[in-house]
Amino acid sequence: MLRSKSNLPTERREFSLLELNNLVKGVIHDRLSDTYWVRAEMSDVRVNASSGHCYLEFVEKNLNTGQIIAKARGNIWAKTFRMLKPYFEMETGQRFSSGIKVLVKVVIEFHEVYGFSLTVVDIDPAYTLGDMLRKRMEIIRQLQEEGVYTLNKELTLPVLTTRIAIITSPTAAGYEDFISQLVNNKKGYSFYTKLFPAIMQGEKTESSIIAALERIYQYVDCFDVVVIIRGGGATSDLNSFDSYLMAANCAQFPLPVITGIGHERDDTILDLVAHTRMKTPTAVAEFLIHRMDVAAMELDELQQRVCSAAQVTLQQEKNILQSITARLPVITLNRIEQHRSQLQFLGTRFPVAASNLLSRNRTVLDHLQQRLRQTALTQVGEASQFIRLTEQFIKLASPDYILQRGYSLTLKEGEIIKKATQLSSGDRLVTLFADLEVYSKVE
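(A) Region of the structure containing the overall build of the protein chain. Scanning the protein chain from terminus to terminus reveals nine helices and 14 strands. A compact globule built from 443 residues would reach a C-alpha radius of gyration of about 22 Å, whereas the protein chain, at 59 Å, exceeds it by more than 25%. Overall, the C-alpha framework of the protein chain stretches about 180 × 110 × 40 Å when taken along its three principal axes. Within the protein chain, the proportion of its 443 residues that are buried is 30%.

The structure is reproduced here in structure tokens:
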């Protein structure tokens, strides 16, 4: 039991839970009866299908850690919600959903059963617009600092942009309009199109479009341009295209990217980094057809210039031929006369020149004949001397000549014995003299 400082017993007052909650409710009603403008982020936004009431949570997060540091249950009664939601979405272009920072006017309430809550009676779209603009500017600044903001715009569109990779939903009306516009063009241009399906609204838009770009990148050499289109839908659906990752992937893509995802007055970050921004899928198709028209006009102009240049050249050549034809007889007679004079001149000089040439050649031949005779005699004398010397050498080296001089030759089995080491006991030898042969045996 609690006692006072005088040690006297104090009266204990007990409350039921309902009484306590009513007490809290009364205090809040008496002390916090006004309305308050509150800055918070919406979370867990749900709409009751039968009643039309909107239930949600308001949270505040730490700017550095992202941790929730305050939370309160909120509600928007159906009558207010029916006016507030379209007003907010029309002003901001943003879907009324979780994750958006808002400035709301609330009444603080405390219910005996449901506890503390904030009932929304008004909303200021300007605050959300400012937060959205701040986020857009942060993304744009980041892309610029990374040096990728204008990369796709710096690519050159091919003169003939006919091979088109399309990113959109296959069920989108804008896709059908785009294909119909291309196929039914008045000039009958041929376009090759390939659809890479993607989700074009909602939370999965970013990852779906990036995945489609990655699939196109595998066949990048097969296409001239990438087209990202969507038709119709609420303006708030465009917020999915204010994505840093999507913009960074498109900005750095190796093919020019053309967008047709919004309305004339709406520019998303994706539109800002794309090579070319058109307002609708039909406008994109008209742009591509117009490029073909321009190329066709340039080809026609070039064809006309070539034909004109060819006609001028042919006329010049024709004039030259006509001039040559008119001058040809005179030129021919002059040339014939020139050659006749040259031939006559050569005819008078030819006998003297021939006689001089024959005389010079005869002298040369006489000189060569004398040199040939002298050379032949010299070579015959040298050859005779060589033969005599060779004959004498052979005679001196002859075995008969050696035997006549008193020498003898000893043979063993027909071979001359030059050293005693060639002999063995029992060998039979033949000794040759100049006048006889002597046979012997080694013992």
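The structure having been displayed, the exposition proceeds.
(B) Expanded view of the nonpolar core. Grouped together as the largest cluster of nonpolar side chains are 33 residues, with contacts concentrated most on Leu143, Ile167, Ile209, Val226 and Ile228. Of all the elements, helix H6 (residues 244-251) adds the most residues to this core, at five residues. Excluding anything up to four places from it in sequence, Leu143 contacts Val148, Tyr149, Tyr244, Ala247, Ala248, Ile269 and Val273. Ranked by size, the runner-up nonpolar core spans 21 residues in total, among them Ala40, Leu56, Val102 and Val120.

(C) How the structure looks around the confidence of the model for the protein chain. On average, the protein chain scores 86 in pLDDT, and the residues at 70 or more come to 95%. Under a pLDDT of 50 for its full length, residues 1-5 has, in the predicted model, five contacts with residues more than four places off or in other chains.

(D) Region of the structure containing the packing of helix H4 (residues 173-183) against helix H8 (residues 281-396). Contact pair H4 / H8: the axes reach a minimum separation of 8 Å and the direction vectors enclose 20°. Considering their axes alone, H4 and H8 lie roughly parallel with respect to each other. Note on packing geometry: the crossing formed by H4 with H8 is right-handed. On H8, the residues touching Gly174, Asp177, Phe178, Gln181 and Leu182 of H4 are Pro281, Thr282, Val284, Ala285, Glu286, Leu288 and Ile289. Its residues placed into classes, the contact of H4 with H8 shows seven nonpolar, three polar and two charged.

The rules behind these values
Residues numbered from 1 in each chain as written. Predicted model: local features only at pLDDT ≥ 70, side-chain atom pairs only at ≥ 80, totals over all residues. Heavy atoms only, no water. Helix = DSSP H or I, 4+ residues; strand = E, 2+ residues; numbered from the N terminus. Rg over C-alpha atoms; globule rule 2.2 N^0.38 Å. Buried < 20%, exposed > 50% of the residue type's maximum accessible area, 1.4 Å probe, protein only. Core = buried A, V, L, I, M, F, W, Y, C linked by side-chain atoms within 4.5 Å. Contact = heavy atoms within 4.5 Å. pLDDT = per-residue confidence, 0-100. Axes fitted to C-alpha atoms, helices over the stretch in contact; angles between N-to-C directions. Parallel < 35°, antiparallel > 145°, perpendicular 65-115°, else oblique. Left-handed = near helix turned anticlockwise from the far one by under 90°. Nonpolar A, V, L, I, M, F, W, Y, C, P; charged D, E, K, R; others polar.

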